[in-house]
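# Breakdown of the fold
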Amino acid sequence: MAGAGPRLLRQASRVWIREGPRGVAQRVVRRAYHSLDAGALELPLLGPDVVDPVDVPAVAPHATTNREPVVGWLTAPPSLGSGGHTTMFRMIQGLEESGIRCVLYLYDRYGGDIAQQERVVRQGWPGVLAEIRSAEDGISGIDACFATSWDTAHVLVARGDPSIRRMYFIQDYEPYFYPRGSLYSFAEDSYRFGFRHVALGDMIADTIKAEIGADSDVVPFGCDNETYRPLAPQDRSGVVFYSKPNVSRRGYPHVQLALKEFHRRHPEQEIHVYGDKVVDLDAPVTWHGRLWPEQLNALYNRTLGGIAMSFTNVTLVAGEMLAAGNIPVVNDSPLTRPVLDNPHVVWARSSPGAIAEALSRVVECDDPQARATAAANSIRTGWGPTQSAVVALVRDELARS
């Protein structure tokens, strides 16, 4: 133990020379992370809210025939620009426009300020009228409630009134977010609670059926083709990438290596990055930070293509790129191809070299304007059919005895 101090100093010196102060700081934080057991915070639930499927009580719903029903939506607090929350809020707006009042329940395992969280919702999704409540105060006084993620499915059982009809709006097969272990198992259990599953696309319904044996109602995958659309024709150049380095399924290490190779092949092409801040890309990039949808549409309209990685359900980014005439490179997967059946998508094997090669083919196109016009014209379905399908399923569920 006496030599531990000098040994650590020598190690820190080597890291400083090789990686600089950031590398040293990362290792200090990593040691603190493990010594303080910060990994326990990866469980997005408080202990009492973890539910065993064998303990799920039966629902005893009350009648709602004499008034318009009230439907709850249970979710983690959103951050501005969150794609999954944006899709959820579109469904809420569809219900509200049909005359069904909604209540938004926020569950924050980390004890955030509900007033600040409400301000984020009102700023980011001003069209949503739903009352906002904290799930800590219980979930009651409503006729039905949607869980929107595996953890909120547990919370709906643990904290929800047993008279509430339980539904589950599922945008991905969430066990795939984790390695095999407790979190994977807890996420699997959420599909065993007996909720009415509303699956966004066939991939999710098929996977739940194959893995769990549970059925789902399927609603169609949509695209915001009102915001994402062609603008006045202009010369396009460069590529774009949505950065989510801390979300494993978005394949950031693959993209990091792919962009390095792409830049070697095409140093004349500007690389645009938006989303979460990155500092370790081995290629020069133009950093845009967080962009509002209108700003993002303008960026898609002046670039040739982009990377839309996802190792689970297809990302909304791919369809939004297409709607703006931008050609997405998508990692090929049996989970994504059936959902994104579009001839203008460039599919690539999930390797950095294959992604760089696909991106190179995009920027080497002989007639990019004609290709952009064809891609934009291929996206004709918005979110209206999805909203209508969710409204119909809610009314059907509420009509059941």
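Anything mentioned here points back to the structure above.
This is a predicted model, so every value here is computed, not measured. (Residues numbered from 1 in each chain as written. Predicted model: local features only at pLDDT ≥ 70, side-chain atom pairs only at ≥ 80, totals over all residues. Heavy atoms only, no water.)

A tally of regular secondary structure across the protein chain gives 12 helices and 13 strands. Per-residue burial for the protein chain yields a buried fraction of 50% across its 401 residues. Long-range pairs, those at least 24 residues apart, make up 67% of the contacts in the protein chain with a sequence separation of at least 6. When the accessible area of the protein chain is evaluated, it comes to approximately 18,800 Å², of which 52% is carbon and sulfur surface. (Helix = DSSP H or I, 4+ residues; strand = E, 2+ residues; numbered from the N terminus. Buried < 20%, exposed > 50% of the residue type's maximum accessible area, 1.4 Å probe, protein only. Contact = heavy atoms within 4.5 Å. Areas by Shrake-Rupley, 256 points an atom, 1.4 Å probe, with all protein chains shown as cover.)

Attention now goes to the side chain of Asp 49. Looking at where Asp 49 falls in the secondary structure, it is placed in the loop between α1 (4–35) and β1 (70–75). Judged by relative accessible area, Asp 49 falls into the buried class, the value being 4%. Among the polar contacts made by the side chain of Asp 49, one reaches the side chain of Tyr 107 at a distance of 2.7 Å. Beyond its immediate chain neighbours, meaning those up to four positions away, Asp 49 contacts Tyr 107, His 154, Val 155, Ala 158 and Arg 159. (Polar contact = N/O pair within 3.5 Å; in protein donor to acceptor, adjacent residues only side chain to side chain.)

Locating Thr 336 in the fold gives a position in the loop between β12 (327–331) and β13 (346–348). Exposure remark for Thr 336: the relative accessible area of 1% places this residue in the buried category. Spatially, the C-alpha atoms of Thr 336 and Thr 312 are 7.2 Å apart, while their sequence positions differ by 24 residues. Beyond its immediate sequence surroundings of up to four residues, Thr 336 is in contact with Ser 310, Thr 312, Asn 313, Val 314, Asn 331 and Trp 347.

This part covers the environment of Ala 392. Tracing the backbone through its elements, the reader meets Ala 392 in helix α12 (residues 384–399). Each C-alpha atom of the pair Ala 392 and Leu 95 lies 9.4 Å from the other, and the pair is 297 residues apart in sequence.

Here we take up the pairing of strand β8 (residues 239–243). With four of its five residues buried, β8 lies for the most part within the structure. In this sheet, strand β9 (residues 271–275) lies alongside β8 in parallel orientation, the contact comprising five bridges. Bridging from a neighbouring strand, Phe 241 pairs with Val 273 of β9. For the crossover from β8 across helix α7 (residues 252–265) to β9, the handedness is right-handed. (Pairing = 2+ DSSP bridges. Right-handed = clockwise from strand over helix to strand, strands pointing away.)

To continue, consider helix α6 (residues 202–211). Listing the buried residues of α6 in full gives Met 203, Ile 204, Ala 205, Thr 207 and Ile 208. In this structure, the buried side of α6 is in contact with β5 (165–170), β6 (196–200) and β7 (217–219).

With 65 residues, the main nonpolar core has Trp 73, Leu 74, Ile 92, Leu 104, Ile 139, Phe 146 and Val 394 as its most contacted residues. Judged by nonpolar contacts, the second largest core, of 46 residues, contains Val 239, Leu 340, Val 362 and Val 363. (Core = buried A, V, L, I, M, F, W, Y, C linked by side-chain atoms within 4.5 Å.)

Okay, the pattern of salt bridges next. Enumeration according to the criterion identifies 19 salt bridges in this entry. When the shortest N-O distance is used, the salt bridge between Arg 192 and Asp 189 registers 2.8 Å. Accessibility expressed as a relative area gives 13% for Asp 189, which makes it buried. Salt bridges sharing partners connect three or more residues here, namely Arg 196, Asp 217, Asp 396, Glu 397 and Arg 400. (Salt bridge = Lys/Arg side-chain N within 4 Å of Asp/Glu carboxyl O.)

The next subject is the packing of helix α2 (residues 83–97) against α12. In contact at an axis separation of 9 Å, α2 and α12 are set at 65° when each is read in the N-to-C sense. Crossing geometry of α2 relative to α12 is assigned as right-handed. Contacts between α2 and α12 involve Arg 90, Met 91, Gly 94 and Leu 95 on the former and, on the latter, Thr 386, Gln 387, Val 390, Val 391 and Val 394. Looking at the contact of α2 with α12, its residues break down into five nonpolar, three polar and one charged. (Axes fitted to C-alpha atoms, helices over the stretch in contact; angles between N-to-C directions. Left-handed = near helix turned anticlockwise from the far one by under 90°. Nonpolar A, V, L, I, M, F, W, Y, C, P; charged D, E, K, R; others polar.)

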